[in-house]
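Chain residues, written in single-letter form:
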Amino acid sequence: MNPLATKAMLVRLSVHSWYGKKIDRKAAAAAAASLQIDGSTDEYYKHLVPKQAFRELSDIIVRLRAYHHWATFPWFDNGLRVLPGKIFFEYRGRIDTYKNEFSEAVGRFVADYETYKTFAANNRASIYDPKDYPDVEDLRAMFRIEMNVMPIPENDFRVDLDPQTLDELKRQLVSDQQDVLQRNLTELLTNLQTRILALKAMCIKDPPKIYDATVARVIDCAEMAQNLNLTNDGRLTAVASTALSHLNVDPNILRADPEARKRVVSACNDILELYL
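A brief report on the enclosed structure follows. In this convention, every chain numbers its residues from 1, walking through the sequence in written order. With the structure being a predicted model, the display of local features is reserved for residues of pLDDT at least 70 and the display and counting of side-chain atom pairs for 80 or more, all residues being used for whole-chain, interface and lining totals. Note that water and hydrogens are dropped before the side-chain values are worked out from all heavy atoms of the structure.

**Focus on the packing of aromatic side chains**
Pairing of aromatic rings covers Phe, Tyr and Trp, the last through its six-membered ring, and needs centres within 6.5 Å; plane angles under 30 degrees mean stacked, over 60 mean edge-to-face, and all others mean tilted. What the rule picks out here adds up to 14 aromatic pairs. Centroid distance Trp18 to Tyr113: 6.0 Å. Interplanar angle 85°. Geometry classified as edge-to-face. Of this pair, Trp18 sits in the loop between β1 (8-16) and β2 (21-23) while Tyr113 sits in helix α4 (residues 113-123), and the two are 95 residues apart along the sequence. In this structure, Trp18 and Tyr113 share a single accessibility class: buried. Where Tyr67 meets Tyr98, the ring centres are 6.4 Å apart and the plane angle is 40°; that geometry is what we call tilted. A residue pair is termed long-range when its members are at least 10 positions apart, and Tyr67 in helix α2 (residues 55-71) and Tyr98 in helix α3 (residues 88-111) qualify at 31 residues. Each member of the pair Tyr67 and Tyr98 is classed as buried. What links up through ring pairs into an aromatic cluster is the set Trp18, Phe54, Phe102, Phe109, Tyr113, Tyr116, Tyr128, Tyr133 and Phe143. Should the NZ of a Lys or the CZ of an Arg lie within 6 Å of a ring centre and within 35 degrees of the ring normal, that charge is described as sitting over the ring. The ring of Tyr67 has Arg94 sitting right over it, with the charged end atom 4.1 Å from the ring centre. Each helix is a run of DSSP H or I of at least 4 residues and each strand a run of E of at least 2, with the numbering of both proceeding from the N terminus. Per-residue accessibility, obtained with a 1.4 Å probe over protein chains only, is compared with the maximum for each type, and a residue is labelled buried under 20%, exposed over 50%, and partly exposed between these values.

Okay, structure coming up:
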C-alpha cells in the first residue's frame, strides 16, 4: 500500500470560458496597408464584447484558482494536484460555492449578450461580423468549471515485464513521489520564512506600518502548511504551530502597542533561528 494514497488524492480543476476575442485578418491587412508595412506576420485581435463585461467572471476565476493552489500542491507536471484527504469536504464545498457564483455570473453575462452584440454592430461596424458570435445556448455551454478527483496510484505495476524491470519501475515511482513530497515541503518552509520575515520587518519599522494582509498571510500560510504536511515533517509542524500560537495577533493591537510588536519580533526571531 502506498502510504500517500491513504492520506490524499489527486484533483484536476478545469475552467472553461468564452473569451470574446477573434483574429481579424482583414483588419490586420488594412492596418498594414495604412502603415505601408509587410503585415504577413502580424495578427489583429478584436474584442467582440467590452472587456469590462468579463470583469466579474474573471474575478471569480482568479479567486477560484488562488484557493485551488492554496489547498493543493503539484503532482509532477501534468496539471494534477495533490489534495489532502482531511480537507476534502472543505475543498469540495468551497469549489461548489465558486461554481455557483460562476454560474450566476454567466447568467448575467448571457442576459446582456445581445446588448453587447448590438453595441458592436452599431459602433464597430467596419470589423463587426455576426458569424464571430456563438448562439446563446452554445455560449452558455462554453462556461463551466469541472473538478475531477482520482486516487493516487499504488506502487503496483500489473504489466507483463521481467521482475528486474518491474522492480526498477517501482523504485522509480517511489523516488518520484518522494521528490514531489520533498519539493512541497521545501516550498511550504520557504513560503513561511518569507512571510515571517515580512511580518518581522513590518513590526520593526519606525514608525510602524501595520498591514492586515501581512499578518493574514502568515496565518494562512501556517494553516496551509498544516493541511499539506502529508509526511508529518517535525520541522514544518513546529514552524506552523508556533506561528499560529505566537504570530496570530490582531493588527489593531500591533498598531497601538509597541510591546506587542516587540513580542511578535521576538517570536519571529525564535522561529527563524530554531527552525528556518
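This is not the end of the story, as more comes after the structure.
**Thoughts on the pairing of strand β5 (residues 81-84)**
Side chains Arg81 and Leu83 of β5 all project onto a buried face; the interleaved residues Val82 and Pro84 project onto the opposite face, where all are buried too. In this analysis, strands are considered paired if DSSP registers two or more bridges between them. The pairing of β1 with β5 spans four bridges and is antiparallel. Of the residues in β5, the one forming a bridge with Val11 is Arg81. Where strand β4 (residues 73-74) lies against β5, two bridges are found, and the strand directions are antiparallel. Bridge pairing links Phe73 to Val82 in β5. What sits between β4 and β5 in their antiparallel hairpin is a turn of six residues, with Phe76 showing a positive phi close to 55°.

**Let's talk about the packing of α2 against α3**
Every angle, taken between N-to-C directions, lies between 0 and 180 degrees, and every axis is a line fitted to C-alpha atoms, over only the stretch in contact when it is a helix. At a minimum axis separation of 9 Å, α2 and α3 run at an interaxial angle of 170°. Taken together, the axes of α2 and α3 lie roughly antiparallel to each other. On the side of α2, the interface is formed by Glu56, Leu57, Ile60, Ile61, Arg63, Leu64, Tyr67, His68 and Ala71, while α3 contributes Glu90, Tyr91, Arg94, Ile95, Tyr98, Glu101, Phe102, Ala105, Val106, Arg108 and Phe109. For this classification, the nonpolar set comprises Ala, Val, Leu, Ile, Met, Phe, Trp, Tyr, Cys and Pro, the charged set comprises Asp, Glu, Lys and Arg, and every other residue, Gly included, is treated as polar. A breakdown of the residues in the contact of α2 with α3 according to their chemical character gives 13 nonpolar, one polar and six charged. Our angle categories are set so that under 35 degrees counts as roughly parallel, over 145 as roughly antiparallel, 65 to 115 as roughly perpendicular, and the remainder as oblique. Contacts: residue pairs with any heavy atoms within 4.5 Å of one another.

**Some words on the nonpolar core**
Here the nonpolar core consists of buried residues drawn from Ala, Val, Leu, Ile, Met, Phe, Trp, Tyr and Cys, with membership extended through side-chain atoms lying within 4.5 Å. Counting 41 residues, the largest nonpolar core has Trp75, Val82, Ile196, Leu199 and Leu247 as its most contacted members. Secondary structure elements with two or more residues in this core: β1, α6 (163-204), α7 (212-228), α8 (234-246) and α10 (258-275). The biggest single contributor to this core is α6, with 10 residues. Trp18, Ile61, Phe109 and Val110 belong to the second largest nonpolar core, which has 33 residues in total.

**Some thoughts on the pattern of salt bridges**
In what follows, salt bridge is the name for a side-chain nitrogen of Lys or Arg lying within 4 Å of a carboxyl oxygen of Asp or Glu. As enumerated under the stated definition, the model contains nine salt bridges in all. Measuring nitrogen to oxygen at the nearest pair gives 2.8 Å for the salt bridge that ties Lys46 to Asp132. Taken as a pair, Lys46 in strand β3 (residues 45-47) and Asp132 in the loop between α4 and α5 (136-142) lie far apart in primary sequence, 86 residues in all. Accessibility classification places Lys46 together with Asp132 in one group, the buried group. The salt bridge partner of Arg255 is Asp212, with a shortest N-O separation of 2.4 Å. Of this pair, Arg255 sits in helix α9 (residues 251-256) while Asp212 sits in helix α7, and the two are 43 residues apart along the sequence. Residue classification places Asp212 among the partly exposed residues on the basis of a relative accessible area of 46%. One salt-bridge network, in which partners are shared between bridges, spans Asp59, Arg63 and Glu101.

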